[in-house]
Amino acid sequence: MNSELKFFTRQEYKGAYAIQPHTHPCDELVYYLTGTGTITVNGEQYEFQPHTLILTQKDEIHSERAKEPVTVLFLGFTTEHTFDNGPFYSDPEDKMLQTIMEIESEMKQKNQYYEAVINLLTEKLLYQLQRQDPSKSTRKNDFAYILNYMHANANQKITVEQIAYTLGYNYDYFRQLFIKNIKQSAKTYLMRLKLNNVKEYLINFDYSLDEIAQITGFSSTSHLCLVFKKQFGCVTGA
């Protein structure tokens, strides 16, 4: 397949910024080196963080905003590759970043045949991107297993970081799986599981709050009451 790099830009935003909705006459890959924020592609919003990527295809409307400094790498290109599984990708092992750094180096040095080398590296980058894009059925089954594991272990004193490590996921990639699949954070999902378990114990069992806090993995009764009130707008009964 033939791929051709059209532009490459490194942008450092020193503070909060907002990029208004726009399109490009070619595909664009955005790699976030530092910072966090949101990007909206065709009406769908995604949260970005370091070592995540957003792919927008030709003429797709997208916008971006952040409340803190962000360093971004923009690559525009044309290609025969097709991408059918959404715009969000992750680079937990920095393999794609290494290829992008090679592209940047070639553009700065401009050695003989650098344009041809840049296009070959762009082709390599897109194959690496597709390696991060397994079949939909595989992704769905993997995520279903994650949810089943969290349901089974929600009452443990366990963090999202520990769950990601136990299941063999990079923590940043694990967090983005939740944003991509169910549009909420893994921590929010885990806490809702815990609170739903609390409700079940309150309704169906004659346990004290201290006992329920211990059973459902809360650090203390006061912590349970605090998050319960925040979620449901009322306090639990004694």
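Here, every reference points to the structure presented above.
Worth saying up front: this structure is predicted, and the values here are computed from it rather than measured. (Residues numbered from 1 in each chain as written. Predicted model: local features only at pLDDT ≥ 70, side-chain atom pairs only at ≥ 80, totals over all residues. Heavy atoms only, no water.)

1. Topic: the sheet that holds strand 4 (residues 37–41)
In spatial order, the strands read 2-7-4-5; together these 4 strands make up an open sheet with antiparallel pairing. Looking at the sheet topology across the chains shown, the edges are occupied by strand 2 (17–22) and strand 5 (44–48). On average, adjacent strands in this sheet sit at an angle of 15 degrees to one another, irrespective of strand direction. Inspection of the sheet shows strand 2 paired to strand 7 (residues 62–66) by 4 bridges, in the antiparallel sense. When the bridges of strand 7 are listed, alanine 18 appears paired with arginine 65. (Pairing = 2+ DSSP bridges. Helix = DSSP H or I, 4+ residues; strand = E, 2+ residues; numbered from the N terminus. Axes fitted to C-alpha atoms, helices over the stretch in contact; angles between N-to-C directions.)

2. Thoughts on unusual backbone geometry
Most peptide bonds take the trans form, and the phi angle of most residues other than glycine is negative. The phi dihedral of asparagine 42 is positive, around 50 degrees, even though this residue is not glycine. Note on placement: asparagine 42 falls in the loop between strand 4 and strand 5. Under the relative-accessibility criterion, asparagine 42 is labelled partly exposed at 49%. In this structure, lysine 183 takes a positive phi of about 60 degrees despite not being glycine. Checked against the element boundaries, lysine 183 lands in the loop between helix 5 (171–182) and helix 6 (186–204). (Buried < 20%, exposed > 50% of the residue type's maximum accessible area, 1.4 Å probe, protein only.)

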